[in-house]
Amino acid sequence: MHAPTQTPQPFRENPPPPPPALPVKRGRGEDRPPKGPKRKRKRHWFRWILSLLLIILLLPIAAGVYVERNLIRIDALPGYSGRIGDTPGTNWLLVGSDSRTGLTAEQEQDLATGGEVGSERTDTIILVHLPKSGQPTLVSLPRDSYVSIPGHGKDKLNASFAFGGAALLTQTVEIATGLRIDHYAQIGFGGFADIVDSVGGIDICLDKPIDDPLAGINLQAGCQHLEGAEALGFVRSRATGLADLDRMLNQRKFLSALLKKATSVSTLINPFRSWPLIQGLTKALKVDEGTHVWNLALLGKAMAGDPIATTVPVGGFEDVEGSGNVLLWDKTRAGQFFDALATDKPVPPDLITTIGN
């Protein structure tokens with residue numbers, strides 16, 4: 001037997017190991033392990049905008065609910081035999097009373113209310129007609145108007161309030177004007193001043209100065225800023241050439257200025273003004289049992305515009321035993337005036353009283 005032939009292999013040495021890697025010079029901070037992909041930070045701006053919008057939408061709703069729940073409601077719209085039927089448009093009776101309810105002796109002195117005077121009386125009586133279309137009409141009814149008061153004969157208009165409160169006043173106004181009153185709103189001395197202060201006061205322009213110590217005011221001619229106590233004195237004062245007629249004009253000026261200030265953006269977006277305003281309204285305002293916050297909103301919107309402001313046509317003055325000096329309506333012109341409102345038609349220009357305007 002022969003061994004298999006073997007092929008000789010050349011001799012090879014094992015290859016040398018590779019040289020060690022030279023250290024790489026790193027900059028400061030480069031000795032840390034590499035970071036993974038950077039996570040994008042979530043943007044929350046959309047969430048913030050959405051939250052802000054919700055707050056803006058919900059605040060008026062919350063305020064409306066608060067007012068609706070806290071309004072003081074009284075029986076002011078009487079149901080009596082022979083009451084006039086519904087007339088077109090919406091008629092409001094706005095009343096400013098001299099009620100001192102809730103005022104301390106110090107507050108009465110600050111507001112120059114004159115102290116307790118017995119039965120509650122009305123210093124301001126305004127009839128507001130909101131037509132289905134067109135301009136609203138504000139009619140000042142002089143408190144000394146000589147009218148028939150159910151169950152009490154003839155006397156001054158504000159005596160009806162002293163005799164029977166809001167219900168008898170409303171009935172007396174309905175009989176005198178031939179208009180059915182749909183809503184009633186009343187405010188007293190204390191609440192009046194608080195509301196003015198809550199909006200930061202109002203701006204009023206006077207053609208002539210008014211110096212009336214009984215009302216607690218000494219106002220110069222020209223435009224000026226009035227706080228609550230001064231504003232109250234302004235609408236109460238009769239220390240002018242035309243006495244009650246000038247006072248009615250001043251009351252309409254005040255109402256217009258207050259509504260513009262209360263509905264301004266600067267008031268509504270400022271919680272330090274809007275919240276005290278809401279609280280002041282709910283504490284001081286009395287409305288009939290059928291009035292709701294949306295009715296008040298519609299009234300405010302209409303009156304903050306450009307309403308026609310006038311006084312019932314006046315026939316003159318007369319001294320009447322038991323009543324004193326009373327104001328007489330011009331029966332013919334007053335009848336035509338209220339007939340236009342009762343049919344929801346514009347009042348003829350020649351029937352609009354512009355005394356002091």
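Here, the structure is the one placed above.
Described below are features of the structure shown in this document. (Residues numbered from 1 in each chain as written. Predicted model: local features only at pLDDT ≥ 70, side-chain atom pairs only at ≥ 80, totals over all residues. Heavy atoms only, no water.)

### Section: empty space enclosed by the protein
Definition in use: Residues are said to line a cavity or pocket when one of their atoms sits within 4 Å of a point; the points come from a 1 Å grid over protein atoms alone, cavities being sets where a 1.4 Å probe fits but cannot get out and pockets being open sets with protein on both sides within 12 Å along at least five of seven lines. Grid points are joined across faces, edges and corners, and a volume is the space filled by probe spheres set on the points. The way it works is that DSSP assigns letters per residue, a run of H or I at least four long becomes a helix, a run of E at least two long becomes a strand, and they are numbered from the N terminus. Each residue receives one of three labels: charged for Asp, Glu, Lys and Arg, nonpolar for Ala, Val, Leu, Ile, Met, Phe, Trp, Tyr, Cys and Pro, and polar for the others, Gly being one of them.
A full pass over the atoms with the stated rule returns 2 cavities of 30 Å³ or more. Of the voids in this model, the largest cavity is the one considered here, and its volume is about 60 Å³. What lines the largest cavity is simply D123, T124, I125, S140, L141, P142, R143, D244, R247, M248 and Q251. Of all the elements in the fold, those that place two or more residues in the lining of the largest cavity are β3 (122–130) and α6 (244–262). With 4 residues, α6 is the single largest residue contributor to the lining of the largest cavity. By residue class, the composition of the lining of the largest cavity is 4 nonpolar, 3 polar and 4 charged.

### Structural notes on the state of the cysteines
Test applied: Disulfides are defined in this document as cysteine sulfur pairs within 2.5 Å. Exposure categories follow from relative accessible area, calculated using a 1.4 Å probe and restricted to protein chains: below 20% of the type maximum is buried, above 50% is exposed, and the middle band is partly exposed.
Applying the stated criterion across every chain yields a total of 1 disulfide. What pairs with C205 in a disulfide is C223, and their sulfur atoms sit 1.9 Å apart. Measuring the twist about the S-S bond at about 100°, one finds the C205-C223 disulfide to be right-handed. Within this pair, whereas C205 is found in strand β8 (residues 202–206), its partner C223 is found in strand β11 (residues 222–226), the two being separated by 18 residues in sequence. The class of C205 is partly exposed, set by a relative accessible area of 40%.

### Things to note about the layout of surface pockets
Its volume calculated, the largest pocket comes out at about 1600 Å³. Within the lining of the largest pocket, the residues separate by chemical class into 36 nonpolar, 11 polar and 3 charged.

### A word on the sheet that holds strand β13 (residues 308–311)
So the rule is basically this: Between any two strands, pairing holds if DSSP finds at least two bridges. Axis definition: a line fit to C-alpha positions, over the contact stretch in the case of helices; interaxial angles, taken between N-to-C directions, run 0 to 180 degrees. By definition in these notes, contact holds between two residues if any of their heavy atoms fall within 4.5 Å.
With mixed pairing, 7 strands are arranged side by side in an open sheet as β1-β12-β7-β2-β3-β4-β13. The open sheet has two free edges, formed respectively by β1 (72–74) and β13, since each of these has just one partner strand. For this sheet the average axis-to-axis angle between neighbouring strands, irrespective of direction, equals 25°. The strands that helix α8 (residues 271–284) touches are β1, β7 (183–187) and β12 (285–288); relative to β12, the one it contacts most, it runs at about 60°.

### Notes on the pairing of β12
Sheet topology places β1 next to β12; 3 bridges connect them, and they run parallel. Residue R73 lies in a different strand from β12, and its bridge partner there is V287. By the bridge criterion, 3 bridges tie β7 to β12 in an arrangement that is antiparallel. Looking across to β12, one finds that Q186 is bridged to K286.

### Focus: a negative patch on the surface
As a reminder, the rule being used: Nonpolar side chains (Val, Leu, Ile, Met, Phe, Trp, Tyr) are joined into patches within 5 Å and like charges within 9 Å, using only residues with over 30% relative accessible area and no salt bridge. Accessible surface area values rest on a Shrake-Rupley calculation with a 1.4 Å probe, where residue burial reflects the displayed protein chains alone. The working definition used for a salt bridge is a side-chain nitrogen of Lys or Arg within 4 Å of a carboxyl oxygen of Asp or Glu. A residue counts as positive if it is Lys or Arg and as negative if it is Asp or Glu; His and the chain ends are not included. Here the site of a charge means atom NZ of a Lys, CZ of an Arg, CG of an Asp or CD of a Glu.
A contiguous patch of negative charge on the surface is contributed by D194, D197, E227 and E230. Relative to the assigned elements, D197 resides in helix α4 (residues 189–198). When its relative accessible area of 39% is taken as the criterion, D197 is described as partly exposed.

### Notes on the nonpolar core
What counts, and what does not: Side-chain atoms within 4.5 Å are what join buried Ala, Val, Leu, Ile, Met, Phe, Trp, Tyr and Cys residues into a set we call a nonpolar core.
Grouped together as the largest cluster of nonpolar side chains are 32 residues, with contacts concentrated most on L93, L141, L169, W329 and F338. Secondary-structure elements contributing two or more residues to this core are β2 (90–97), β3, β5 (146–149), α3 (157–177), α6, β15 (324–329) and α10 (331–342). Element by element, the count of residues in this core is highest for α3, at 7 residues. Look past the residues within four positions of L169 in its chain and what remains in contact with it is L93, V95, T122, I125, L157, S160 and F161. Counting residues in each nonpolar core, the second largest holds 23 residues, with L206, L219, L226 and L258 among its members.

### With respect to the packing of helix α5 (residues 228–236) against α6
To keep it simple, the criterion reads: Roughly parallel means an angle under 35 degrees; roughly antiparallel, over 145; roughly perpendicular, 65 to 115; everything else is oblique.
One can describe the packing of α5 onto α6 by two numbers: an axis separation of 7 Å at closest approach and a directional angle of 140°. In terms of axis orientation, α5 runs oblique to α6. Judged by residue contacts, A231, F234, V235 and R236 of α5 engage R247, N250, Q251 and F254 from α6.

### Re a nonpolar patch on the surface
Judged by side-chain polarity, F46, L50, L54, L58, I61 and V65 come together as a nonpolar surface patch covering roughly 580 Å² of accessible area. Within the element layout of this structure, I61 appears in helix α1 (residues 45–70).

### Focus on the environment of L327
With respect to the secondary-structure elements, L327 resides in strand β15. Considering only alpha carbons, one finds L327 and V314, 13 residues apart in sequence, at a separation of 7.4 Å. Ignoring sequence-local partners within four residues, the contact set of L327 consists of P142, D144, S145, Y146, L245, V314, G316 and F317.

### Structural notes on the packing of aromatic side chains
Threshold: Any two of the Phe, Tyr and Trp rings considered here, Trp counted by its six-membered ring, make a pair once their centres fall within 6.5 Å; the pair's planes then place it as stacked at under 30 degrees, edge-to-face at over 60, or tilted in between.
A complete count under the given rule lists 3 aromatic pairs for this structure. Where Y66 meets W275, the ring centres are 5.0 Å apart and the plane angle is 55°; that geometry is what we call tilted. Pair noted here: Y66 is in helix α1 and W275 is in helix α8, with a separation of 209 residues, a long-range link. Relative to F338, the ring of W329 has its centre 5.7 Å away and its plane inclined at 35°; by these criteria the two rings are tilted.

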